[in-house]
Amino acid sequence: MKIHRITAILIRHLYLYQRSVPRLMDIFFWPVTELLVWGFLSAYLEKAGFGGANVVTILLGALIFWDLFSQSQRAVSVVFLEDVWERNLLNIFVTPLKVSEFLVSTVLIGLVRIILVGITIGIFAFFLYQFNLFVFGFSLIPFVLSLLLFGWAIGLFATAIILRFGTSAQVLAFGFTFLLQPFSAVFYPVSALPQWAKNISYFLPTTHVFEGMRQVINTGTFPWGTLLASFGTNLVFIILILWFFYAMFADVKEKGRLMKLD
Amino acid sequence: MAKPIIQVTNLTKRFGNFTAVDKISFSVYPGEIVGFLGPNGAGKTTTIQMLLDLVTPTSGNIRLFGKDIKKHREEVLNRINFSSAYVAMPYNLKVGENLATFGRLYGVPNLKQKISELADFFDISNMLPKMTGSLSSGQATRMNLAKALINDPELLLLDEPTASLDPDVADKTRKLLLQIQKERGVTVLYTSHNMAEIEEICNRVVFINRGKITDSGTPKELVKKYGHKDMNEVFLTIVRGQEE
């Protein structure tokens, strides 16, 4: 792997962000809008005495975590789509850039995005709802890391589907995480799900992350078992999705579809 | 004779039951400008994409600089570049940003100086701060060619670089290409449907039709062989001869 090729892709996307209003809105505006909606709802529930004293913390914590996950997924898929939309894939892949370098650069772009989103909504949550994301110290950081890994893996999966089925599948880049949300126990515990949904939810790293987050908030204890379950399921997803991505990339080269994605 | 820069042997590509490229073999030698000609759907683009490792061959062998591109992809692609009238550069980046991005991808040393030299050569210095999407076709072609030379390639693959340009800009582009080839000794594989252009700049041509190589030689040799007055008639004879 060559650092100069990874930074080339990273800088190319940072050029875009500095002057694109829709991209900046995706980082700064929409997450804050969502925060306002959920923040007002949480504050109302707390005043009305629903959900206990931790309702603001739990709902806003869940919202922020979910946003970081969505951003991580979208960043990976949209980086690829940018080159499809601009008919630039051929220019990119006739350079010595390796697929692995391209993937690493998408992870870094995702990291830049979620740092910016995290800082933005962290500041707004603090000033609007007195919600301090760091009140739990470092105990939530491993869960955030697990979420980011899963977001990256799902982003890669959406990209592989777009590679295989073309831009008609690009809606996945923006909506795939919503398919997982009902089973991820983001805003409610797994126990609230019917049995069939529980069976699905335990396979998702996100479920273990949100269960773990709630445990940290409610009990102040660190749930090692839940963390391990989230990383374990993540590992399985990452291996399977990497295999799937490389298989799709090879299939696209075999069928000569790389240039027909535009 | 020098070793070939491109050596293609029995190269075949099938998409399902359709054979796009059928056991073709040809070589391109250092410093040559070779026209790779044929009608639409003949197999030119598929062949070029196989040379660039964008499409996986069904069978056959490709050696670039004497090396198998599958095994030496990174090394080989570092010594090549590509430009096509049908491939855009990101329109929402500035011209200078685009050139810098590709320069970084190739690990070009002294990148600022390199971009400045190329911008001077192609007369696009005043366009560097402009958005790529705002360029005219001629300006975009010059930017594409500047990008294609950013890594000082030893081999240039040019897919109809003058398509969609007006005759004046197309003529200037051809002169620039000849100048580049003369000054830098770059080897060029060139596709075009403009036979006058091919006669003007190519040392040799290879005809492909329905996936098979049907003829090759210098433009003069082929004109003489077919008893025509120019390459346009040769092209029509070769293509229509196969249709009959």
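Residues numbered from 1 in each chain as written. Chains lettered and ligands numbered in written order. Predicted model: local features only at pLDDT ≥ 70, side-chain atom pairs only at ≥ 80, totals over all residues. Heavy atoms only, no water.

Examining the pattern of salt bridges
Part 1 of the argument: Counted according to the given criterion, the structure contains 32 salt bridges over all chains.
Part 2 of the argument: Among the ionic pairs, Lys255 of chain A bridges to Asp251 of chain A, the shortest N-O distance being 2.8 Å. One end of the pair, Lys255 of chain A, and the other, Asp251 of chain A, are both in helix α10 (residues 224-255), 4 residues apart, so they sit about a helical turn from each other.
Part 3 of the argument: Note on Lys255 of chain A: relative accessible area 36%, which makes it partly exposed.
Part 4 of the argument: Given the relative accessible area of 18%, Asp251 of chain A is considered buried.
Part 5 of the argument: Close ionic contact of Asp53 of chain B with Lys70 of chain B constitutes a salt bridge, the shortest N to O distance being 2.8 Å. (Salt bridge = Lys/Arg side-chain N within 4 Å of Asp/Glu carboxyl O. Helix = DSSP H or I, 4+ residues; strand = E, 2+ residues; numbered from the N terminus. Buried < 20%, exposed > 50% of the residue type's maximum accessible area, 1.4 Å probe, protein only.)

Let's talk about the interface of chain A and chain B
Part 1 of the argument: On the chain B side, the residues contacting the 31 residues of chain A number 33 residues.
Part 2 of the argument: Both faces combined, the contact of chain A with chain B buries some 3,000 Å², and carbon together with sulfur accounts for 55% of it.
Part 3 of the argument: The largest contributions to the chain A side of the interface with chain B come from Val94, Pro96 and Lys253 of chain A, which together make up 21% of the buried area.
Part 4 of the argument: At the junction of chain A with chain B, the criterion picks out 6 salt bridges.
Part 5 of the argument: Note that Lys253 of chain A and Asp53 of chain B form a salt bridge whose closest N and O atoms lie 3.2 Å from each other.
Part 6 of the argument: Those elements giving two or more residues to the side of chain A that touches chain B turn out to be α1 (3-17), α4 (89-93) and α10 of chain A.
Part 7 of the argument: When its residues are assigned to classes, the side of chain A that touches chain B shows 14 nonpolar, 6 polar and 11 charged. (Contact = heavy atoms within 4.5 Å. Buried area = accessible area lost by both parts, 1.4 Å probe. Nonpolar A, V, L, I, M, F, W, Y, C, P; charged D, E, K, R; others polar.)

Comments concerning the nonpolar core
Part 1 of the argument: With 164 residues, the main nonpolar core has Leu258 of chain A together with Ile6, Leu64, Phe122, Leu157 and Met231 of chain B as its most contacted residues.
Part 2 of the argument: Among the elements that take part in this core, helix α3 (residues 55-85) of chain A stands out by supplying 17 residues, more than any other.
Part 3 of the argument: When sequence neighbours within four positions are dropped, the list of residues in contact with Ile6 of chain B reads Phe26, Ser27, Val28, Leu51, Arg63, Leu64, Leu155, Leu157 and Leu189 of chain B. (Core = buried A, V, L, I, M, F, W, Y, C linked by side-chain atoms within 4.5 Å.)

Overview of the pairing of strand β3 (residues 33-37) of chain B
Residue and element names in this part refer to chain B.
Part 1 of the argument: For β3, a buried count of 5 out of 5 residues is recorded, marking the element as mostly surrounded by other parts of the structure.
Part 2 of the argument: Every second residue of β3 is oriented toward a common face, with Ile33, Gly35 and Leu37 on one face and Val34 and Phe36 on the other, all of them buried.
Part 3 of the argument: As judged from the 3 bridges shared by β3 and strand β8 (residues 187-191), these two strands associate in the parallel manner. Directly across from Val34, in β8, lies its bridge partner Leu189.
Part 4 of the argument: Pairing geometry for β3 and strand β9 (residues 204-209), over 4 bridges, is parallel. Across the sheet, residue Val34 finds its bridge partner in β9, namely Arg204. (Pairing = 2+ DSSP bridges.)

Describing the environment of Ile62 of chain B
Residues and elements named next belong to chain B.
Part 1 of the argument: Looking at where Ile62 falls in the secondary structure, it is placed in strand β4 (residues 59-64).
Part 2 of the argument: Residue classification places Ile62 among the buried residues on the basis of a relative accessible area of 6%.
Part 3 of the argument: Separated by 10 residues in the primary sequence, Ile62 and Leu52 place their C-alpha atoms 10.0 Å from one another.
Part 4 of the argument: If we ignore the near neighbours within four places in the chain, the residues touching Ile62 are Gln7, Leu11, Met50, Leu51, Pro57, Lys67, Asp68 and Ile69.

Observations concerning the pairing of strand β10 (residues 212-217) of chain B
Residues and elements named next belong to chain B.
Part 1 of the argument: As defined by bridge partners, β9 adjoins β10 across 5 bridges and the pair is classed as antiparallel. Looking across to β10, one finds that Val205 is bridged to Gly217.
Part 2 of the argument: Remark: 2 residues form the turn of the hairpin made by β9 and β10, two consecutive strands paired antiparallel; Arg210 in that turn has positive phi of roughly 50 degrees.

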